[in-house]
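Letter by letter, the chains look like this.
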Amino acid sequence: DAGVIQSPRHEVTEMGQEVTLRCKPISGHDYLFWYRQTMMRGLELLIYFNNNVPIDDSGMPEDRFSAKMPNASFSTLKIQPSEPRDSAVYFCASSPGTGNRFRQPQHFGDGTRLSIL
Amino acid sequence: KQEVTQIPAALSVPEGENLVLNCSFTDSAIYNLQWFRQDPGKGLTSLLLIQSSQREQTSGRLNASLDKSSGRSTLYIAASQPGDSATYLCAVLNQAGTALIFGKGTTLSVSS
């Protein structure tokens, strides 16, 4: 089975530009999570969805960040405008809908390494 | 606020050695604790999940223990191999099941 697929794998762009990260969760998984990983702060949850609906976006750092899930097989994380401090690895993960969203192991994509110059 | 600490941050051992990775958390009111492996340039892979009512879980050469009252967990790796080289992260799920908090990981290097 295909795992969680993220694109692009690497993104380098200049400050002020719009950045869009993409994620395709595992088919049949009802939960989708977006994380950010930095050396300083480790892995942090940004937002998660259940059945395409955003449930908790309290981890989204600023209004410059937005996430959508238009259907069960696709989600985007957008940063507009981007800033150098947004440089990080962004992970998408999905999990089955059985029980509490965090009580099932999450399956992670390989991440998008984002560099804002 | 829950904080998860992993010590050491890095560890180097020769092949064949048994080793222990440590994880501590400040709030003992957890629902479960999970150990993940992260390879360079890759996402996280779930290794073991211990429910708060359990004391340990085993998978192959891996054994994870949980002492909720003292806020500690250990990941024991038996007969380490070069293929075990990776970063190992632990994460705790709060009792309400609303937040999964990660440690910063221990980077393990096993030399042949």
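On a predicted model such as this, the values are computed, not experimentally measured, just so you know.

1. Quick look at the overall build of chain A
And then number 1: Within chain A, the secondary structure is distributed over 0 helices and 11 strands.
And then number 2: Walking chain A from its N terminus toward its C terminus, one meets helices and strands in the order β-β-β-β-β-β-β-β-β-β-β.
And then number 3: The C-alpha radius of gyration computed for chain A amounts to 13 Å, which stays within 12% of the reference 13 Å derived for 117 residues, consistent with globular compactness.
And then number 4: Counting only C-alpha atoms, chain A reaches 40 × 30 × 25 Å along its principal axes.
And then number 5: For chain A, the residues scored as buried account for 46% of the 117 residues in total.
And then number 6: Counting only contacts in chain A whose residues sit at least 6 apart along the sequence, the fraction spanning at least 24 positions is 56%.
And then number 7: Accessible area of chain A: about 5800 Å², with a carbon and sulfur share of 48%.

2. Let's talk about the environment of Ser87 of chain A
All names here are of chain A.
And then number 1: Secondary-structure assignment places Ser87 in the loop between β8 (74-79) and β9 (88-95).
And then number 2: Here Ser87 is in contact with Thr38, Leu114, Ser115 and Ile116, once residues within four sequence places are set aside.
And then number 3: A distance of 2.9 Å separates the side chain of Ser87 from the backbone oxygen of Pro84, its partner in a polar contact.

3. Quick word on the state of the cysteines
Residues and elements named next belong to chain A.
And then number 1: Tallied over the entire structure, the rule returns 2 disulfides over all chains.
And then number 2: Two residues share a disulfide in this structure: Cys23 and Cys92, whose sulfurs sit 1.9 Å from each other. Every disulfide takes its handedness from the sign of the S-S torsion; for Cys23 and Cys92 that torsion is -65°, giving left-handed. Highlighted residues: Cys23 in strand β3 (residues 19-24) and Cys92 in strand β9, separated in sequence by 69 residues.
And then number 3: Overall, the relative accessible area of 0% leaves Cys92 in the buried class.

Criteria and cut-off values
Residues numbered from 1 in each chain as written. Chains lettered and ligands numbered in written order. Predicted model: local features only at pLDDT ≥ 70, side-chain atom pairs only at ≥ 80, totals over all residues. Heavy atoms only, no water. Helix = DSSP H or I, 4+ residues; strand = E, 2+ residues; numbered from the N terminus. Rg over C-alpha atoms; globule rule 2.2 N^0.38 Å. Buried < 20%, exposed > 50% of the residue type's maximum accessible area, 1.4 Å probe, protein only. Contact = heavy atoms within 4.5 Å. Areas by Shrake-Rupley, 256 points an atom, 1.4 Å probe, with all protein chains shown as cover. Polar contact = N/O pair within 3.5 Å; in protein donor to acceptor, adjacent residues only side chain to side chain. Disulfide = S-S within 2.5 Å.

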